[in-house]
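Listed below, chain by chain, are the residues.
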Amino acid sequence: KMVTSAIVSAFGSALGSFLSSSNTNHKPNNNNKRQSSSRINWVDVFSYAIHGGLVNAPICHYWFEWLATNGPSSNTSSVLVDQLVVQPPLLVLMFICLDVVR
């Protein structure tokens, strides 16, 4: 499960980096030719893979297991608890982790 999360995080980061660089690197230069090179920021890809595989995957795995057994019986209430209680600190943790890894 951790490996899958790391792969998905890295792929998402690489795809986002590729798409954003393809929009910004195709500016005309002095000869009115388009630049054809696009760059992927591999440091970001590595950072997201580390965060997704080593930090986010285990926390979310055990949190959702606990929520399924001990949390509210309603799916709507479970989503609200997850989004309002757990996700804000995980977002802060993500930014801290990405800053440390970079």
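Going by the structure above, here's the rest.
As a starting point, this report considers the structure included with it. Just so you know, these numbers come straight off a predicted model, no measurement behind them. (Residues numbered from 1 in each chain as written. Predicted model: local features only at pLDDT ≥ 70, side-chain atom pairs only at ≥ 80, totals over all residues. Heavy atoms only, no water.)

Turning our attention to the nonpolar core. Grouped together as the largest cluster of nonpolar side chains are five residues: Cys60, Trp63, Leu67, Val86 and Leu90. The greatest single-element share of this core, amounting to three residues, is contributed by helix α2 (residues 42-70). Those residues within four positions of Leu67 in sequence are excluded, and the remaining contacts are Pro72, Ser78, Val81 and Asp82. (Core = buried A, V, L, I, M, F, W, Y, C linked by side-chain atoms within 4.5 Å. Buried < 20%, exposed > 50% of the residue type's maximum accessible area, 1.4 Å probe, protein only. Helix = DSSP H or I, 4+ residues; strand = E, 2+ residues; numbered from the N terminus. Contact = heavy atoms within 4.5 Å.)

What follows deals with the packing of aromatic side chains. A complete count under the given rule lists one aromatic pair for this structure. An angle of 20 degrees between the planes, with centres 5.6 Å apart, marks the rings of Trp63 and Trp66 as stacked. Of this pair, Trp63 and Trp66 are both found in helix α2, three residues apart, which corresponds to roughly one turn of the helix. Overall, the relative accessible area of 15% leaves Trp63 in the buried class. For Trp66, a relative accessible area of 45% puts it in the partly exposed group. (Phe/Tyr/Trp six-rings, centres within 6.5 Å; stacked < 30°, edge-to-face > 60°.)

Between two packed helices, both the angle of their axes relative to each other and the distance between the axes serve to describe the pair. Where α2 contacts helix α3 (residues 75-101), the two axes come as close as 10 Å, and the packing angle between them is 155 degrees. If you check the angle between α2 and α3, you find them roughly antiparallel. Crossing angle aside, the handedness with which α2 passes α3 is right-handed. Facing Phe46, Ser47, Tyr48, Ile50, His51, Val55, Asn56, Ile59, Cys60, Trp63, Phe64 and Leu67 of α2, the residues of α3 in contact are Ser78, Val81, Asp82, Val86, Leu90, Leu93, Met94, Cys97, Leu98 and Val101. (Axes fitted to C-alpha atoms, helices over the stretch in contact; angles between N-to-C directions. Parallel < 35°, antiparallel > 145°, perpendicular 65-115°, else oblique. Left-handed = near helix turned anticlockwise from the far one by under 90°.)

This part takes up the side chain of Ser47. Checked against the element boundaries, Ser47 lands in helix α2. Leaving out residues up to four positions away in the same chain, Ser47 has contacts with Leu98, Val101 and Arg102.

As a further point, take the environment of Leu90. For Leu90, the location among the structural elements is in helix α3. The class of Leu90 is buried, set by a relative accessible area of 10%. Taking the C-alpha atoms as reference, Leu90 lies 9.2 Å from Cys60; in sequence the two are 30 residues apart. In this view, Leu90 contacts Asn56, Ile59 and Cys60; residues no more than four positions away in its chain are not counted.

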